[in-house]
Amino acid sequence: MVQLPLEATDDLVPFAPVARRELPLFGATVELVLVPARRARPGRVRAERPAFSPSPAERIVGEEACWQADGLALTPNRYPFARDQRILWRTEAAREPDRAFWRAALRWARDSGGSVLLNNIGAAATIARAHAHLVGERAAFLADLPERAFRSAPIDVPDGCELLVKRLPFCLVGARGDIDAVAAALLRLADARMTATWNVVVAGDTAWVAPRRIETPTPHFPQALGSAELWGRWCYVDEEPFARATSNDLERALLAATMPAIDGA
């Protein structure tokens, strides 16, 4: 199993939000941050985004990688939404993580005490190649939400792993257990997924997945909703929507962006 570097490096861009707020959401608490620098991200999700665009993944990995091994690479994140943020890439062109990617990411989350956040195209990613954000902190939001066993799992659950659902009005499924079993469960869930896209959040021994319905849940949230928001940090680039956002807005945004609850959650 690949061991990703655990220590933060000097080339990481500091996370420096202009403002912060907190709001209650589904009985837990989320943080809102104003990060106008993220407006400059190339390929940022817009209504006029083209059907095809040259991928910058090869250039980013080739020019910015601070570590590479066994088909994986790490680069700094130029537009961070969390502390000590790096990006884990597959070095070959592929839109979905493979087993080696998930095993490395899951091990890093456990050994570092951080979180792994994955988006894909249609669920807030700006680059199609499989990549995940490694962040040096954990958020309390998902841990504070009630959960129970997934009674009608759509996959053969690997030994050493259990499937869970959060008690929410939208679909949020967790795989909890040892690294190999959770990696296998994520691959099986991806194969069973009936939506084109999803978000994944890994913290501790659990990976949470949210299949997606729409990418930008306007008017409730003005940007593409991604794994950062699912994790518990809502990122705004403009001050006015940041200042006026309410708990009701965020709940409606999640309900619009995700799939309905399953298995009687």
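Scroll up a little and you will see the structure.
One structure accompanies this document, and this report is about it. Fair warning: this is a prediction, and the values are worked out from it, not measured in the lab.

## So, unusual backbone geometry
And step 1. A cis amide bond links Thr 218 to the next residue, Pro 219, at an omega of 5°.
And step 2. Positionally, Pro 219 belongs in the loop between β12 (206-211) and α5 (227-231).
And step 3. For Phe 26, which is not glycine, the phi torsion reads 50° and is therefore positive.
And step 4. Looking at where Phe 26 falls in the secondary structure, it is placed in the loop between β1 (19-25) and β2 (28-34).
And step 5. Look at Asp 70: it is not a glycine, yet its phi comes out positive at around 50°.
And step 6. Tracing the sequence through the fold places Asp 70 in the loop between β3 (67-69) and β4 (72-76).

## Comments concerning the sheet that holds strand β10 (residues 173-177)
And step 1. Pairing is antiparallel across the open sheet formed by 10 strands, whose spatial order is β3-β4-β5-β7-β6-β11-β12-β10-β9-β8. Taken across any chain shown, the strands that pair with only one partner, and hence form the sheet edges, are β3 and β8 (147-149). For this sheet, the mean inter-axis angle between neighbouring strands, taken without regard to orientation, is 25°.
And step 2. As paired elements, β4 and strand β5 (residues 86-90) share 5 bridges and run antiparallel to each other. Within β5, the residue paired with Pro 76 across the bridge is Arg 86.
And step 3. Across the sheet, helix α2 (residues 99-112) lies against β4, β5, β6 (115-118), β7 (131-135), β10, β11 (198-203) and β12, angled at about 145° from β6, the strand it touches most.

## Considerations on the environment of Ala 185
And step 1. Relative to the elements of secondary structure, Ala 185 occurs in helix α4 (residues 179-192).
And step 2. C-alpha separation for the pair Ala 185 and Arg 99, spaced 86 residues apart in sequence, amounts to 10.0 Å.
And step 3. Sequence-distant contacts of Ala 185, defined by excluding residues within four places in its chain, comprise Ile 155, Pro 158, Cys 161 and Ala 175.

## Structural notes on the sheet that holds strand β13 (residues 233-236)
And step 1. Spatial strand order, β1-β2-β13: 3 strands in an open sheet with mixed pairing. The open sheet terminates on both sides in strands that have one partner only, identified here as β1 and β13. The sheet shows a mean angle of 25° between the axes of neighbouring strands, taken without regard to direction.
And step 2. Strand contacts of helix α7 (residues 247-257): β1, β2 and β13, with the helix running at about 70° to β1, the strand carrying the most contacts.

## Remarks on the packing of α2 against α4
And step 1. Relative orientation of the contacting elements α2 and α4 amounts to 130°, with a least axis distance of 9 Å. Accordingly, the angle class assigned to the pair α2 and α4 is oblique. The interaxial crossing formed by α2 with α4 has right-handed handedness. In contact with Arg 99, Trp 102, Arg 103, Leu 106, Arg 107 and Arg 110 of α2, α4 contributes Ile 179, Asp 180, Val 182, Ala 183, Ala 184, Leu 186 and Leu 187.
And step 2. For the contact of α2 with α4, the residue count by class is 8 nonpolar, no polar and 5 charged.

So, how was this worked out
Residues numbered from 1 in each chain as written. Predicted model: local features only at pLDDT ≥ 70, side-chain atom pairs only at ≥ 80, totals over all residues. Heavy atoms only, no water. Helix = DSSP H or I, 4+ residues; strand = E, 2+ residues; numbered from the N terminus. Pairing = 2+ DSSP bridges. Axes fitted to C-alpha atoms, helices over the stretch in contact; angles between N-to-C directions. Contact = heavy atoms within 4.5 Å. Parallel < 35°, antiparallel > 145°, perpendicular 65-115°, else oblique. Left-handed = near helix turned anticlockwise from the far one by under 90°. Nonpolar A, V, L, I, M, F, W, Y, C, P; charged D, E, K, R; others polar.

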